[in-house]
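Remarks on the overall topology
Spelled out, the chains give:
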Amino acid sequence: MSEEQKTVKAIDGPTRLEYRYSPGRASTRFLRGMEQKKILGQKCVGCGRVYVPPRGACARCGLPTEEEVEVQDTGTIVTFTIVRVPSQNIEIELPYCAASILLDGADIPFTALLRDVPVETVRLGMRVQGVWKPDAELGPSFDNIDHFTALDEPDVPFEKFQEHL
Ligand SMILES: [Zn+2]
């Protein structure tokens, strides 16, 4: 087969997109709280679910979430992934754990990096706590919590968080 007839199987197409958006009222309150190491969620007036970060409305009821609720920086792992495959844009030593964490006082989990914990010991129900950046580095960002790490507390039984997966 000549060089001209060989099929091209893949090409690299580097793409980069930058977004700039207005966070709106709910996210602004949340981000201002994060500057002061406060995690502010919002409670739905219909079902009572606490959203962190708040979006201004309940995804289940469609109602506004106007009541502000401060939640803790401690929580429970409700599911997790051990990442063993390198990615060009992630510079974290492999393997690492991306955990879905339900903060104490919240009803919706979010994904965060778990560190300083051997990946083979990560499990559902494991108790964790956020590790904040130094005060001088705090800004209006969820990244103020650099990562989560294990808490020396008993695991939470599956029945207690199964509604929040
Ligand atoms: Zn609701």
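Small disclaimer: the values here were computed from a predicted structure and weren't measured.

Focus: the packing of aromatic side chains
Summed over all chains, the structure comprises four aromatic pairs. Ring centres of Phe110 and Phe142 lie 5.0 Å apart, and the angle between their planes is 50°; this geometry places the pair in the tilted category. With Phe110 in strand β6 (residues 110-114) and Phe142 in the loop between β7 (127-132) and β8 (145-150), the pair connects residues that are 32 residues apart, well separated along the chain. Summarising the aromatic geometry, the rings of Phe158 and Phe161 are spaced 5.4 Å apart at their centres and angled 80° between planes, so their arrangement reads as edge-to-face. Taken together, the residues Phe158 and Phe161, both in helix α2 (residues 158-161) and three residues apart, mark about one turn of the helix. Judged by relative accessible area, Phe158 falls into the partly exposed class, the value being 36%. Among the aromatic residues, ring-to-ring pairing joins Phe30, Phe110, Phe142 and Phe148 into one connected group.

Section: unusual backbone geometry
Following Val52, the chain continues to Pro53 via a peptide bond in cis, the omega torsion being -10°. Cis rather than trans, the peptide bond between Leu94 and Pro95 has omega equal to -10°. Examined against the element boundaries, Pro95 turns out to sit in the loop between β4 (74-83) and β5 (96-103). For Lys37, which is not a glycine, the phi torsion comes out positive at approximately 60°.

Thoughts on the coordination of the zinc ion
For the zinc ion, every protein donor is listed as Cys44 (SG), Cys47 (SG), Cys58 (SG) and Cys61 (SG), and the spread of their distances is 2.3 Å. Every donor counted, the four donor atoms about the zinc ion form angles of 106 to 112° at the centre, which fits tetrahedral coordination. Here the donor residues of the zinc ion are spaced in sequence according to C-x2-C-x10-C-x2-C. With a gap of 14 residues between them, Cys47 in the loop between β1 (39-43) and β2 (50-51) and Cys61 in the loop between β2 and β3 (67-71) connect regions that are remote in the sequence.

Details of the environment of Lys37
The residue Lys37 is located in the loop between α1 (24-35) and β1 in this model. Accessibility expressed as a relative area gives 36% for Lys37, which makes it partly exposed. A sequence separation of 53 residues divides Lys37 from Ile90, and the C-alpha atoms of the two residues are 26 Å apart. Setting aside residues no more than four positions away along its own chain, Lys37 makes contact with Trp132, Asp135 and Leu138. Engagement of the side chain of Lys37 in a polar contact is seen with the side chain of Asp135, the distance being 3.1 Å.

A short note on the sheet that holds β2
In spatial order, the strands read β2-β1-β3; together these three strands make up an open sheet with antiparallel pairing. Two strands lie at the open edges of the sheet, namely β2 and β3, each paired on one side alone. Against the sheet, α1 contacts β1 and β3, and its axis sits at roughly 150° relative to β1.

Quick word on the domain arrangement of the protein
Segmenting the protein into domains produces domain 1 (21-71) and domain 2 (73-165). Distance from the C-alpha centre of domain 1 to the C-alpha centre of domain 2: 20 Å. With 15 residues of domain 1 at the contact, the number on the domain 2 side is 18 residues. When domain 1 packs against domain 2, the two sides together hide about 1,400 Å² of surface, and 68% of this comes from carbon and sulfur. Together, Met34, Lys37 and Val71 form the three largest contributors to the area buried by domain 1 at its contact with domain 2, with a combined 36%. Counting every contact that joins domain 1 to domain 2 gives one salt bridge. Across the pair Asp135 and Lys37 runs a salt bridge whose closest N-O atoms are separated by 3.1 Å. Every element with two or more residues in the side of domain 1 that touches domain 2 is listed here: α1 and β2. Here the side of domain 1 that touches domain 2 gets five residues from one element, more than from any other, and that element is α1. Looking at the side of domain 1 that touches domain 2 residue by residue, the class counts come to nine nonpolar, one polar and five charged.

So, how was this worked out
- Residues numbered from 1 in each chain as written.
- Predicted model: local features only at pLDDT ≥ 70, side-chain atom pairs only at ≥ 80, totals over all residues.
- Heavy atoms only, no water.
- Phe/Tyr/Trp six-rings, centres within 6.5 Å; stacked < 30°, edge-to-face > 60°.
- Helix = DSSP H or I, 4+ residues; strand = E, 2+ residues; numbered from the N terminus.
- Buried < 20%, exposed > 50% of the residue type's maximum accessible area, 1.4 Å probe, protein only.
- Donors = N, O, S within 2.8 Å, 3.2 Å for Na, K, Ca; no water.
- Tetrahedral: all angles 85-135°; square planar, octahedral: opposite > 155°, others 65-115°.
- Contact = heavy atoms within 4.5 Å.
- Polar contact = N/O pair within 3.5 Å; in protein donor to acceptor, adjacent residues only side chain to side chain.
- Pairing = 2+ DSSP bridges.
- Axes fitted to C-alpha atoms, helices over the stretch in contact; angles between N-to-C directions.
- Domains from an automatic or database assignment.
- Buried area = accessible area lost by both parts, 1.4 Å probe.
- Salt bridge = Lys/Arg side-chain N within 4 Å of Asp/Glu carboxyl O.
- Nonpolar A, V, L, I, M, F, W, Y, C, P; charged D, E, K, R; others polar.

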